[in-house]
Amino acid sequence: MALLNILEFPDPRLRKVAEPITEVDDGIRQLCKDMFETMYEAPGIGLAATQVNVHKRLLVCDISEDQSQPLVFINPEIQQFSEAVSSYDEGCLSVPGYFEEVERPDSIVITALDQNGETFQLQIDGLLSTCIQHEIDHLNGKLFVDYLSPIKRKRIRSKLEKQHKKRA
Ligand code: GNR
Ligand code: NI
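Residues numbered from 1 in each chain as written. Chains lettered and ligands numbered in written order. Predicted model: local features only at pLDDT ≥ 70, side-chain atom pairs only at ≥ 80, totals over all residues. Heavy atoms only, no water.

> Explain the packing of aromatic side chains to me, please; I cannot follow it from the model alone.
Two aromatic rings, taken as a pair, are described by how far apart their centres are and by the angle between their planes. Throughout the structure, instances matching the rule amount to 2 aromatic pairs. On the basis of an interplanar angle of 50 degrees and a centroid distance of 5.4 Å, the ring pair of Phe 73 and Phe 120 is categorised as tilted. Remark: Phe 120 occurs in strand S7 (residues 119–124) and Phe 73 occurs in strand S3 (residues 71–81); sequence separation between them is 47 residues. (Phe/Tyr/Trp six-rings, centres within 6.5 Å; stacked < 30°, edge-to-face > 60°. Helix = DSSP H or I, 4+ residues; strand = E, 2+ residues; numbered from the N terminus.)

Next comes the structure, spelled out in structure tokens:
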């Protein structure tokens, strides 16, 4: 097991578009384990491979309080979005310390591969739907701050850049 380093905004590597996974092998299963360990330790409710500098279409999440509902989505595709939207106070491990309301479709139908390479389909809503949409955005190089006003985004960017300089 290993804890992975999480990239932080405005790192340009967070803007890469992840590539589909062609074979679900032991390397991918090990990556899932390391991503769960990293996500639980953070702690967070979701993690996209992009955030740990692996540009493959893979995300993990667990919205339970007791680490009892780990879910893996490989090559996820959203098949349907509801017209109804809901708004959540979103945060991101790649934008530490900032939370802002983001509006997204409330419910989605998603297909993906599991850790055995089997296809599955789920209809989800609420926090899990928000989380998965947030993670798929990461796989497409998009961050929740992109939904905010340019002024808010710039303020967050410069504050994080200052923190990064202090750390370096
Ligand atoms: O831990 C996380 N919490 C969260 C809260 C509201 C909406 C989305 C999220 S995802 C985030 C972890 C993360 O950054 N995943 O990419
Ligand atoms: Ni995130």
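> Where do I start with the pattern of salt bridges in this structure?
A side chain of one charge can pair with a side chain of the opposite charge if their charged atoms are brought near each other. Applying the stated rule across the entire model yields 7 salt bridges. The salt bridge involving Arg 104 is made with Glu 90; its shortest N-O contact spans 2.7 Å. Separated by 14 residues along the polypeptide, Arg 104 in strand S5 (residues 100–105) and Glu 90 in strand S4 (residues 85–90) bring together distant segments of the chain. Each of the two residues, Arg 104 as well as Glu 90, counts as buried. For Asp 137, the salt bridge identified is with Arg 104, shortest N-O distance 3.0 Å. Placement of Asp 137 in helix H2 (residues 126–139) and of Arg 104 in strand S5 is noted, with a sequence separation of 33 residues between them. (Salt bridge = Lys/Arg side-chain N within 4 Å of Asp/Glu carboxyl O. Buried < 20%, exposed > 50% of the residue type's maximum accessible area, 1.4 Å probe, protein only.)

> Sorry if this is basic, but what is going on with H2 here?
Residues separated by three or four positions in an α-helix point in the same direction, a consequence of the helix having 3.6 residues per turn. In this model, H2 (14 residues) spans 21 Å end to end at C-alpha, consistent with the 20 Å of a helix rising 1.5 Å per residue. For H2, the tally of buried residues reaches 13 of 14 residues, placing the bulk of the element in the interior. Taken from the residues just after H2, Gly 141 is the one with a positive phi, measuring 80 degrees. (Expected span 1.5 Å × (residues − 1).)

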